[in-house]
Amino acid sequence: MRLSGKTAIVTGGASGFGKGIVEAFLREGAHVMIADINGPAAADLAQSAGDAAHAQTVDVSNRASVQEMADAAFSRFCHVDILVNNAGVTHLPTPLDQVSEDDFDRVVNVNMKSVYLTAQAFVPHMKHRGTGAILNVASTAGVSPRPNLNWYNASKGWMITATRTMAVELAPSGVRVNALNPVAGDTPLLKSFMGEDTPEMRAKFLSTIPIGRFSTPEDMGNAALYLCSDEASMVTGVCMEIDGGRCI
Ligand SMILES: NC(=O)c1ccc[n+]([C@@H]2O[C@H](COP(=O)([O-])OP(=O)(O)OC[C@H]3O[C@@H](n4cnc5c(N)ncnc54)[C@H](O)[C@@H]3O)[C@@H](O)[C@H]2O)c1
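The model shown is predicted, which means the values in this text are computed figures rather than measured ones.

## Observations concerning the site of the ligand
Okay, step 1: Neighbouring the ligand are 28 residues, the closest being Ser 15, Asp 36, Asn 86, Tyr 152 and Thr 187.
Okay, step 2: The side chain of Asp 36 places a nitrogen or oxygen atom 2.6 Å from an oxygen atom of the ligand.
Okay, step 3: In the environment of the ligand, a nitrogen atom lies 3.0 Å from a nitrogen or oxygen atom belonging to the backbone of Val 60.
Okay, step 4: Bound to the protein, the ligand loses 92% of the 830 Å² it would expose on its own.
Okay, step 5: Using a 2 Å cut-off from the grid points, one finds that the ligand occupies the largest pocket.
Okay, step 6: Elements that contribute at least two residues to the shell around the ligand include exactly helix 1 (16-27) and helix 5 (150-170).
Okay, step 7: Looking at the shell around the ligand residue by residue, the class counts come to 16 nonpolar, nine polar and three charged.

Here you go:
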């Protein structure tokens with residue numbers, strides 16, 4: 001019960017890494033808002049997870065929708081201890097000069113603008129309480145980028161810098177900000193990174209991960225649990241590779 005009495009919001013919580021984080025938080029006693037643009041998937045997960053889980057439909061790239069999520073969280077929980085900015089999207093592998101403007105805007109808005117919008121909705125509350133933990137799900141793509149995913153990689157590099165600067169600015173207010181840098185994980189998003197889901201393409205991705213397997217939602221749940229719990233009360237501004245050695 002490492003998160004007993006804590007309240008958390010996990011964006012993109014209905015699938016993949018977000019779902020792994022939601023499940024770890026619930027297991028350790030938190031009340032969790034599963035906030036996802038896929039409302040029915042969030043509702044299904046909340047229903048199977050029990051009374052401590054609540055579903056919220058949100059588009060994290062939209063200010064009004066993020067504010068609605070914040071209002072719902074404050075009215076249900078009274079306060080928010082943990083915010084996980086996990087929702088993210090990519091463009092398909094494409095030469096950088098050929099990515100459509102629509103895809104570029106979608107990546108920027110969902111992966112980057114969302115961090116700004118949730119900061120506006122939750123940081124004043126956390127500062128006022130003098131406590132809070134924010135976790136951004138960035139990527140090894142922001143540290144050791146692959147070709148043809150340029151604008152996605154850049155959005156994660158931005159997230160890493162945002163994490164470090166948020167951490168240094170908010171530390172005196174008692175708010176910690178960290179990030180996870182996952183390596184390729186076998187979630188629904190993996191196919192979009194690979195372009196085509198073939199055994200050859202999987203083998204190519206796997207060959208770059210020294211530990212020899214894809215990352216899992218459970219890996220992210222375990223790391224998120226530590227960084228968002230009081231066990232990490234001296235840890236801020238850390239962008240932790242969960243990558244089986246990929247970035248060495
Ligand atoms: N899977 C990987 O290989 C990998 C590697 C490194 C980093 N990441 C990052 O991990 C995070 C989670 O990815 P995943 O692999 O679990 O993907 P996923 O597609 O399984 O889950 C993403 C979730 O985000 C939700 N979502 C998408 N757009 C949204 C929006 N505008 N508002 C609210 N919710 C939205 C989706 O409905 C989905 O439930 C992303 O930020 C991704 O960039 C993934």
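## Some points on helix 5
Okay, step 1: With 21 residues, helix 5 should reach 30 Å at 1.5 Å per residue; the first-to-last C-alpha distance of 30 Å fits that figure.
Okay, step 2: Those residues of helix 5 not exposed but buried are Tyr 152, Asn 153, Ser 155, Lys 156, Gly 157, Met 159, Ile 160, Ala 162, Thr 163, Met 166, Ala 167 and Leu 170.
Okay, step 3: Those residues of helix 5 hidden inside the fold are in contact with strand 4 (82-85), helix 4 (101-129), strand 5 (132-137), strand 6 (175-182), helix 6 (190-194) and strand 7 (239-242).

## Things to note about the layout of surface pockets
Okay, step 1: The volume enclosed by the largest pocket comes to roughly 780 Å³.
Okay, step 2: Together, 41 residues line the largest pocket, and Asn 86, Ala 87, Gly 88, Val 89 and Leu 189 are the ones closest to its centre.
Okay, step 3: Secondary structure elements with two or more residues in the lining of the largest pocket: helix 1, strand 2 (31-36) and helix 5.
Okay, step 4: By residue class, the composition of the lining of the largest pocket is 23 nonpolar, 13 polar and five charged.

Calculation rules
- Along each chain, the written sequence defines residue order, and numbers are assigned to residues from 1.
- Local features in a predicted model are, by the rule used here, given only for residues with pLDDT of at least 70; side-chain atom pairs are given and counted only at 80 or more, and totals for whole chains, interfaces and linings are based on all residues.
- In computing side-chain properties, one takes all heavy atoms of the structure into account and sets aside hydrogens as well as water.
- Here a residue is near a molecule or strand as soon as one of its heavy atoms is found within 4 Å of it.
- In protein, a polar contact means a hydrogen-donor-capable atom and an acceptor-capable atom, both N or O and within 3.5 Å, with residues adjacent in sequence counting only if both atoms are side-chain atoms; elsewhere, any N or O pair within 3.5 Å suffices.
- For the area figures, the Shrake-Rupley method with a 1.4 Å probe applies, and any residue is considered shielded solely by the protein chains shown.
- Lining residues are those with an atom within 4 Å of a point, where the points come from a 1 Å grid over the protein atoms alone and group into cavities, where a 1.4 Å probe fits but cannot get out, or pockets, open sets with protein on both sides within 12 Å along at least five of seven lines.
- For a molecule to be placed in a cavity or pocket, more than half of its atoms must lie within 2 Å of the grid points of that cavity or pocket.
- Helix and strand definitions follow DSSP, with helices as H or I runs of at least four residues and strands as E runs of at least two, each counted in order from the N terminus.
- Basically, the charged four are Asp, Glu, Lys and Arg, the nonpolar ten are Ala, Val, Leu, Ile, Met, Phe, Trp, Tyr, Cys and Pro, and anything else, Gly included, counts as polar.
- A helix's residues, less one, multiplied by 1.5 Å, set its expected span.
- For the exposure calls, accessible area comes from a 1.4 Å probe over protein chains only, and a residue counts as buried if that area is under 20% of its type's maximum, exposed if over 50%, partly exposed in between.
- Residues are treated as being in contact if the distance between any of their heavy atoms lies within 4.5 Å.
- Grid points are joined across faces, edges and corners, and a volume is the space filled by probe spheres set on the points.

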